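# Structural features, examined
Each chain is listed here by its residues.
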Amino acid sequence: MSISTSLKKIAQLTVGGFLAAGLMAGLATPASAAPRDCAYMGYGSYVDGLALDHRDDEVVLANAINAYRAQHGLRPLTYSRTLARPAMWASLDSYNRGFSPSNHVDTRGMGVAQRVEFCSGYTGYLGEINYWGTGTSQWVSPTAALNWWKNSPGHNARLLDPNATTFAVGQAYQGYPTITRAHYTVVFGNH
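Residues numbered from 1 in each chain as written. Predicted model: local features only at pLDDT ≥ 70, side-chain atom pairs only at ≥ 80, totals over all residues. Heavy atoms only, no water.

### Re the environment of Thr178
Applicable threshold: Labels follow the DSSP assignment, with helices taken as runs of H or I lasting at least four residues and strands as runs of E lasting at least two, numbered in each case from the N terminus. Each residue's exposure class comes from its accessible area (1.4 Å probe, protein chains only) as a fraction of the maximum for that residue type: buried when under 20%, exposed when over 50%, partly exposed otherwise.
If you trace the backbone, Thr178 turns up in the loop between strand 3 (166-174) and strand 4 (181-189). Taking relative accessible area as the criterion, Thr178 reaches 58% and is therefore assigned exposed. A sequence separation of 42 residues divides Thr178 from Thr136, and the C-alpha atoms of the two residues are 8.3 Å apart.

Here is the structure:
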């Protein structure tokens with residue numbers, strides 16, 4: 001297990017522990033199970049920094065998306081740290097819910113544009129796709145997510161959108177080294 005994978009897993013377990021404790025607190029607990037400020041353990045924390053950098057399967061998926069775009073004559077997308085926190089927030093929120101919502105509305109009631117602006121200050125052109133799978137690598141791998149998106153006309157159009165120039169991939173998962181559940185979110189932008 002790489003150091004970055006270990007630290008990310010520790011972050012997910014730590015956040016999960018804090019969230020579980022918060023859920024047991026009772027009626028005063030906010031409806032959202034993900035961090036209120038869109039950051040792992042606070043903005044600027046070491047763990048938040050790990051969330052902002054593409055790691056492991058996030059890199060695999062980002063590279064696969066760019067390879068797929070290249071096959072269709074499109075320029076590669078550039079990684080955006082600005083979009084990374086909202087992508088990770090959406091994946092963590094979905095992980096805590098147990099599914100990735102098809103309407104892209106998080107547990108705070110925020111849609112894509114609201115969430116991205118709240119988490120990063122980014123406004124302007126946006127798109128988002130999400131995927132979740134459970135079970136074997138056939139369903140939880142970056143390849144599974146990409147294949148599902150390619151076979152969905154709306155998601156495929158987003159992958160091949162010529163207006164997108166930047167993106168970020170967020171992944172929240174359970175299990176290591178054998179991942180048994182994974183949630184992926186890709187946020188697209190143009191600056």
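The rest of the description comes next.
### As for the packing of aromatic side chains
Put simply, the rule is: Any Phe, Tyr or Trp ring, taking Trp's six-membered ring, that has another such ring centre within 6.5 Å forms a pair; planes under 30 degrees apart are called stacked, those over 60 apart edge-to-face, and the others tilted.
Applying the stated rule across the entire model yields three aromatic pairs. With centroids separated by 6.2 Å and ring planes inclined at 50°, the aromatic side chains of Tyr131 and Trp148 adopt a geometry described as tilted. Linking Tyr131 in strand 2 (residues 126-134) with Trp148 in helix 7 (residues 142-150), this pair joins segments that are 17 residues apart in sequence. Taken together, a centroid distance of 6.4 Å and an interplanar angle of 80° make the contact between Tyr131 and Trp149 edge-to-face. In this pair, Tyr131 sits in strand 2 while Trp149 sits in helix 7, placing the two residues 18 residues apart along the sequence. Exposure remark for Tyr131: the relative accessible area of 7% places this residue in the buried category. Using a relative accessible area of 0% as the deciding quantity, one classes Trp149 as buried.

### Looking at the sheet that holds strand 2
Filter applied, for reference: The pairing criterion is simple: DSSP has to find at least two bridges between the two strands. Whether two residues touch is decided by their heavy atoms; if any such pair falls within 4.5 Å, the residues are in contact. Note on method: axes are straight lines fitted to C-alpha atoms, helices fitted across the in-contact stretch only, with angles between N-to-C directions ranging 0 to 180 degrees.
In spatial order, the strands read 1-3-4-2; together these four strands make up an open sheet with mixed pairing. Across the chains shown, the open sheet's two edge strands, defined by having one partner strand only, are strand 1 (78-79) and strand 2. Sheet analysis places strand 2 next to strand 4, joined by nine bridges and oriented antiparallel. Among the inter-strand pairings, Leu126 is bridged to a residue of strand 4, identified as Gly189. Sheet strands touched by helix 3 (residues 56-71): strand 3 and strand 4. Its angle to strand 3, the strand with the most contacts, is close to 140°.

### Brief notes about the nonpolar core
To keep things clear, this is the line we draw: To define a nonpolar core, start from buried Ala, Val, Leu, Ile, Met, Phe, Trp, Tyr and Cys residues and group those joined through side-chain atoms within 4.5 Å.
Grouped together as the largest cluster of nonpolar side chains are 23 residues, with contacts concentrated most on Leu61, Ile65, Trp149, Leu159, Phe167, Val186 and Phe188. Among the elements of the structure, helix 3, strand 2, helix 7, strand 3 and strand 4 are those that each provide at least two residues to this core. Setting aside its immediate chain neighbours within four residues, Ile65 contacts Leu77, Leu146, Trp149, Leu159, Phe167 and Val186. By size, the runner-up hydrophobic cluster in this structure holds 10 residues, among which are Ala84, Ala87, Val112 and Ala168.

### Let's talk about the confidence of the model for the protein chain
Where we set the bar: pLDDT is defined as a per-residue confidence score from the predictor, taking values between 0 and 100.
In the predicted model, the protein chain carries a mean pLDDT of 80, and 79% of its residues have values of at least 70. When pLDDT is averaged over each element of the protein chain, helix 8 (residues 153-159) comes out on top at 97 and helix 1 (residues 3-23) at the bottom at 38.

### Examining helix 7
Residue pairs three or four apart in sequence face the same way in an α-helix, which turns once every 3.6 residues. Taken residue by residue, helix 7 has Pro142, Ala144, Ala145, Leu146 and Trp149 as its buried positions. Looking at the buried positions of helix 7, the neighbouring elements they touch are helix 3, strand 2, helix 6 (137-140), helix 8 and strand 4.

### Focus on the packing of helix 3 against helix 7
Test applied: Whether a crossing is left-handed or right-handed is set by the direction in which the near helix is turned from the far one by less than a right angle, anticlockwise for left-handed and clockwise for right-handed. Gly counts as polar in this scheme, as do all residues outside two lists: the nonpolar Ala, Val, Leu, Ile, Met, Phe, Trp, Tyr, Cys and Pro, and the charged Asp, Glu, Lys and Arg.
Relative orientation of the contacting elements helix 3 and helix 7 amounts to 35°, with a least axis distance of 9 Å. Handedness of the helix 3/helix 7 crossing: right-handed. Residues Asp57, Val60, Leu61, Ala64, Ile65 and Tyr68 of helix 3 form the contact with helix 7, whose participating residues are Pro142, Leu146, Trp149 and Lys150. Its residues assigned to classes, the contact of helix 3 with helix 7 comprises eight nonpolar, no polar and two charged.

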